[in-house]
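What the coordinates show
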Amino acid sequence: MASEVTSDPGAAEVLAVPGGLESRITELSQKVDRISEILEEFDRRREVLEQLREDLKPMATGAMRTAIRKLGDLEQNGTLAVVHEAIRVLERIPVTLSEADVQLLGDNIAHLLFTAKNLTQPEMLDLADREASALRSAQEARPVGLVGLLRSLRDPEVKKGMGVLVELLRGLGKDAPSPAS
């Protein structure tokens, strides 16, 4: 049969494609093939992403549960409230301190931390607590004249306090700048 189609001169004319159209059809066919390849690649990548999503879903769910549980614990023990207040303190820094003040704090942070460490030792905290209590009860103190002051110097606690005060004054005097002559 194929020989009959080719031997018929009219059939060749029917199968012939008018000039230029054949190259255009070939070009379109190549583009369709390329689009088909791209779609197949997209489909393969979609399947890989779908598999990755399925693999990561249990891990993400577990991580979310852990994070929610941890946030619940932090809220329960008051840590989140402290963090919230700390953020509010940090927000006030630009209002109360200049950039130069913050830089100065940064330059002296090690010294500040060392001083804070010394001030937070148990014996220093106990001393500060006792002195705060004494200051609270100072409102009830009676006025004392010169004779009352001299009489109180017989009290061993007052004598010890005077000694501490003298040492404190000595330290302050040592660090004070000398007056200009």
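Now for a look at the structure at hand. (Residues numbered from 1 in each chain as written. Predicted model: local features only at pLDDT ≥ 70, side-chain atom pairs only at ≥ 80, totals over all residues. Heavy atoms only, no water.)

1. Comments concerning the layout of surface pockets
If you add up the space inside the largest pocket, you get close to 540 Å³. The wall of the largest pocket is formed by 16 residues, among which Glu-131, Glu-157, Lys-160, Gly-161 and Met-162 lie closest to the centre. Every element with two or more residues in the lining of the largest pocket is listed here: helix H7 (122-137), helix H8 (146-152) and helix H9 (156-175). Sorting elements by how many residues they give to the lining of the largest pocket places H9 first, with eight residues. Residues belonging to the lining of the largest pocket are distributed by class as follows: nine nonpolar, two polar and five charged. (1 Å grid on protein atoms, 1.4 Å probe; cavity = no way out; pocket = protein on both sides within 12 Å on 5 of 7 lines; lining within 4 Å. Points joined across faces, edges and corners; volume = space filled by probe spheres on them. Helix = DSSP H or I, 4+ residues; strand = E, 2+ residues; numbered from the N terminus. Nonpolar A, V, L, I, M, F, W, Y, C, P; charged D, E, K, R; others polar.)

2. Notes on the pattern of salt bridges
One pass over the full model with this rule turns up ten salt bridges. Taking the shortest distance from any N to any O, the salt bridge between Arg-46 and Asp-43 comes out at 3.0 Å. In this pair, Arg-46 and Asp-43 both sit in helix H3 (residues 21-76), three residues apart, roughly one turn of the helix. One salt-bridge network, in which partners are shared between bridges, spans Arg-24, Glu-27 and Lys-31. (Salt bridge = Lys/Arg side-chain N within 4 Å of Asp/Glu carboxyl O.)

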